[in-house]
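Chain by chain, the residues:
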Amino acid sequence: MGAYCNEDLSSLPVFSAGAPSNELRFSKHVYDNVHGNIYLDPLCLKFIDTEQFQRLRELKQLGVTNMVYPGAVHSRFEHSLGVYWLAGETVQRLKSFQGMELGIDNHDLQTVRLAGLLHDIGHGPFSHMFEREFLPKVISGCRWSHESMSVNMIDHIVDTHHIDIDAQMLKRVKDMILASTEFSQLKSNAEKRFLYDIVANGRNGIDVDKFDYLVRDSRACGLGCNFQFQRLTETMRVMDNEICYRAKEYRNVHKLFATRADLYRTVYTHPKVKAIELMIVDAMVKANDFLGISSFISDPSEYWKLDDTILKTIEIAPDPELAEAKELILRVRRRQLYQFCNEYAVPKENIDHFKAVTAQDIICSQKHTSLTLKEDDIAVTNVKIDLARGRENPLECINFFEDYDSAEKFGIPEDRVSHLLPTTYQDMIVRVYAKKPELVEAVSEAFENFQMRTYGVKTQVHATPEKKKRRVM
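Thresholds, definitions, all that
- Residues numbered from 1 in each chain as written.
- Predicted model: local features only at pLDDT ≥ 70, side-chain atom pairs only at ≥ 80, totals over all residues.
- Heavy atoms only, no water.
- Phe/Tyr/Trp six-rings, centres within 6.5 Å; stacked < 30°, edge-to-face > 60°.
- Helix = DSSP H or I, 4+ residues; strand = E, 2+ residues; numbered from the N terminus.
- Buried < 20%, exposed > 50% of the residue type's maximum accessible area, 1.4 Å probe, protein only.
- Pairing = 2+ DSSP bridges.
- Contact = heavy atoms within 4.5 Å.
- Axes fitted to C-alpha atoms, helices over the stretch in contact; angles between N-to-C directions.
- Salt bridge = Lys/Arg side-chain N within 4 Å of Asp/Glu carboxyl O.

A. Representation of the packing of aromatic side chains. If you walk through the whole model with that rule in mind, you get 13 aromatic pairs. Arranged with centres 5.5 Å apart and planes meeting at 65°, the rings of Phe53 and Phe77 form a pair that is edge-to-face. Of this pair, Phe53 sits in helix α3 (residues 51-54) while Phe77 is found in helix α4 (residues 76-102), placing the two residues 24 residues apart along the sequence. Classification of Phe53 by relative accessible area gives buried; the value is 0%.

B. Structural view of the sheet that holds strand β5 (residues 242-246). Strands sit in the order β4-β5-β8 across an open sheet of three strands; the sheet is mixed. Edge positions in the sheet fall to β4 (237-239) and β8 (400-401), since each has one partner strand and no second. Where β5 and β8 come together, two bridges link them in parallel fashion. By the bridge assignment for β8, Tyr245 is matched with Phe400. Against the sheet, α4 contacts β4 and β5, and its axis sits at roughly 25° relative to β4.

C. Spotlight on the pairing of strand β3 (residues 36-40). For β3, the tally of buried residues reaches four of five residues, placing the bulk of the element in the interior. Hairpin connection of strand β2 (residues 28-32) to β3: three residues between the antiparallel strands.

D. Layout of the pattern of salt bridges. Scanning the entire structure with this criterion turns up 29 salt bridges. Asp377 is the salt-bridge partner of Lys374, the closest N and O atoms lying 3.8 Å from each other. By relative accessible area, which is 52% here, Lys374 ends up exposed. We classify Asp377 as buried; its relative accessible area is 7%. Through salt bridges with shared partners, one network takes in Asp32, Asp212 and Arg216.

So, in structure tokens, the structure goes:
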């Protein structure tokens, strides 16, 4: 990042892209490949210029996805700056049009910006994989979340670097980060409640976090993105302490959630991406007893040292205790991956009562053959793809208004808009992998038997190719 001056920035006011040029002189200016020019305010710079925040440079936004989509090497650092900027721009728009009415001041602007900047500072190695796949395998009943770790990391940074920040502002920043989680203690009638929906929206899922990563991830993977978040930020309006949108933007709002679902299907849960994730998780689990990876989550002063380089740490370590973990990583490097056998989408009438499929379920479905499968021969992943609210239509939680003279907000029933929009809002896909290529045929047959026993039909789209069944490493 390039600074345009060396003055003490701590006492200067916050600013926006539309601020007078004499205020922008005292900023740090970076060029972002998604949002263009971004100006970093003095207080946020105090957090950015710490080893804890700089660690985000070593956390890839999409974990191991770059091993399938080579361009997906962008980091949590870039994303955090993007969310910081969009959060500030959103507040500025509301302040320009309704500032007097809503009582928005610079304190609010600074608070929301900080929440945007720091919302992901608690992420672990390979982002969501660490939280959703690794920790549950090594800590029984683990309820740890990156959002709650972000809150702990913020306190650690403030204490370690003696950052002078108003205590009430700090509390609001942490409340904004937790707003969409089960740990939120935010009341529905909280003062300026609408501000808590900008970074992490627990009310309806429309937030600047999604605005940034949908565009950034699509671009990095070479995919088109037909969702235009600018249309929403330009037409939003606060009504009854809630951000609402013009009724004619209904389809654009739907595109937000549909684009997210498409990215989950084609990028985040790509079969090869999941195969690599399964292998990296197995490697980290095997290394955990020796390296104590999971113990880092209890202490922010240690946790900040943990990032994606843990893979290289395991890979080059001479310790014999890490031999199995190193072998798995070597297989990833040599593209000797767990072999995808097949997948099926759970019938929609069975989703409500779906129970996660395990390797043991597949083993129990094996017929008598000369080859007996063991639980460690099989990897199963249960992939949920939805529109951000499980089986519910996310648009039912969103309020709209007719035009800028309207005094009322209202919901829009889906049948009032189009009969082409989906009537089901969640897919559950079960994928099964053989950890060794010579087991593909046996695992595939057991998987087909499981489907027949469970649903009475083979719900998979296609059979495993014969040449894959016969493939040997």
